[in-house]
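Summary of structural features
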Amino acid sequence: MGHSVTAQAHPAGEHTTTGISHNRLMMWTFLASDCMFFVSLIWVYFAYRGRYFEPPYPRDVLDIPYTSVSAAVLLLSSFAIVMSLTALERGDMRGFRGWLLGTILLGALFLGGQYYEFIHFYSEGLTLTTNLFGTTFFVLTGFHGAHVFIGIVWLLVQWLLSLFGKLTTAHVERFFVTTLYWHFVDIVWIVIFMLVYLMPY
């Protein structure tokens, strides 16, 4: 007599047919496809790297010490979200909300720093249409910034849900999926920072 394949309960309360919760599987699938977008944008950036026929050039506007601080802020937010997940796992809702709010604020600080950087570049004459560097730089970093903004909104919604008792220790698996997205955004920025800012021109 044949046995039908049915969804089984995941230890964390989620359903799965693969051994990986459906939420995790969907997030990994999304991140894999999103990774391809970033790879494409980075490839385009390098395809035109050095073909800047009009100033300003990267060496004229990039401020590595300033951006290093922004990168450190985003990395610190990864630590904060790990601490919030740990607090949620042990049922410390006050600690969870505190660390999650810290993650949100650090993400917002990073976005604020990116906005200031963009304004500075514009004041130096670098815009989306100035030259190929401006076009590829603003598209790549702007696309990443949009991901950070989406992540902040997502985290803020979960912080609010926890205030009204809609996010508890029963939702650890769901929040874990959120941390995967945030870590992905952080890792992508480290790659962008190393390839765009630190590689000599």
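The structure contained in this document is the topic of the report that follows.

Some points on the packing of helix H5 (residues 132-163) against helix H6 (residues 172-198)
Axis separation between H5 and H6 bottoms out at 10 Å; the angle between their running directions is 155 degrees. Taken together, the axes of H5 and H6 are roughly antiparallel relative to one another. When the axes of H5 and H6 are compared, the crossing they make is left-handed. Residues Phe137, Leu140, Thr141, His144, His147, Val148, Ile150, Gly151, Ile152, Trp154, Leu155 and Gln158 of H5 pack against Phe175, Val177, Thr178, Tyr181, Trp182, Val185, Val188, Trp189, Ile192, Val196 and Tyr197 of H6.

Considerations on the environment of Ser78
By the secondary structure assignment, Ser78 is in helix H3 (residues 64-89). Assessed through its relative accessible area of 11%, Ser78 is described here as buried. As a C-alpha pair, Ser78 and Gly107 span 29 residues in sequence and 9.5 Å in three-dimensional space. Residues in contact with Ser78, not counting those within four places in the same chain, are Trp182, His183 and Asp186.

Examining the pattern of salt bridges
A complete count under the given rule lists 2 salt bridges for this structure. Glu173 is the salt-bridge partner of Arg24, the closest N and O atoms lying 2.6 Å from each other. Of this pair, Arg24 sits in helix H1 (residues 22-47) while Glu173 sits in helix H6, placing them 149 residues apart in sequence. Residue classification places Arg24 among the partly exposed positions, given a relative accessible area of 24%. The exposure class of Glu173 is buried, given its relative accessible area of 3%. Across the pair Asp92 and Arg90 runs a salt bridge whose closest N-O atoms are separated by 3.6 Å. Classification of Asp92 by relative accessible area gives partly exposed; the value is 28%. Classification of Arg90 by relative accessible area gives exposed; the value is 55%.

How each quantity is defined
- Throughout, a residue's number is its position along its own chain's written sequence, starting from 1.
- At least 70 in pLDDT is required for a residue's local features to be given in this predicted model, at least 80 for side-chain atom pairs to be given and counted, and no such filter applies to totals for whole chains, interfaces and linings, which use all residues.
- Computation of side-chain values covers all heavy atoms of the structure but excludes hydrogens and water.
- Inter-axis angles, ranging from 0 to 180 degrees, are taken between N-to-C directions of lines fitted to C-alpha atoms, where helices are fitted over the stretch in contact.
- In DSSP terms, a helix is any run of H or I states spanning at least four residues, a strand is any run of E spanning at least two, and both are numbered starting from the N terminus.
- An angle counts as roughly parallel when it lies under 35 degrees, as roughly antiparallel when it exceeds 145, as roughly perpendicular when it falls between 65 and 115, and as oblique in every other case.
- It is the rotation of the near helix from the far one that decides the hand of a crossing: anticlockwise by less than a right angle makes it left-handed, clockwise makes it right-handed.
- Throughout, a contact is declared for two residues whenever any of their heavy atoms are within 4.5 Å.
- Residue burial is assigned from relative accessible area. The probe radius is 1.4 Å, only protein chains are included, and a residue is buried under 20% of its type maximum, exposed over 50%, and partly exposed in between.
- Each salt bridge in this description consists of a side-chain nitrogen of Lys or Arg and a carboxyl oxygen of Asp or Glu lying within 4 Å of one another.

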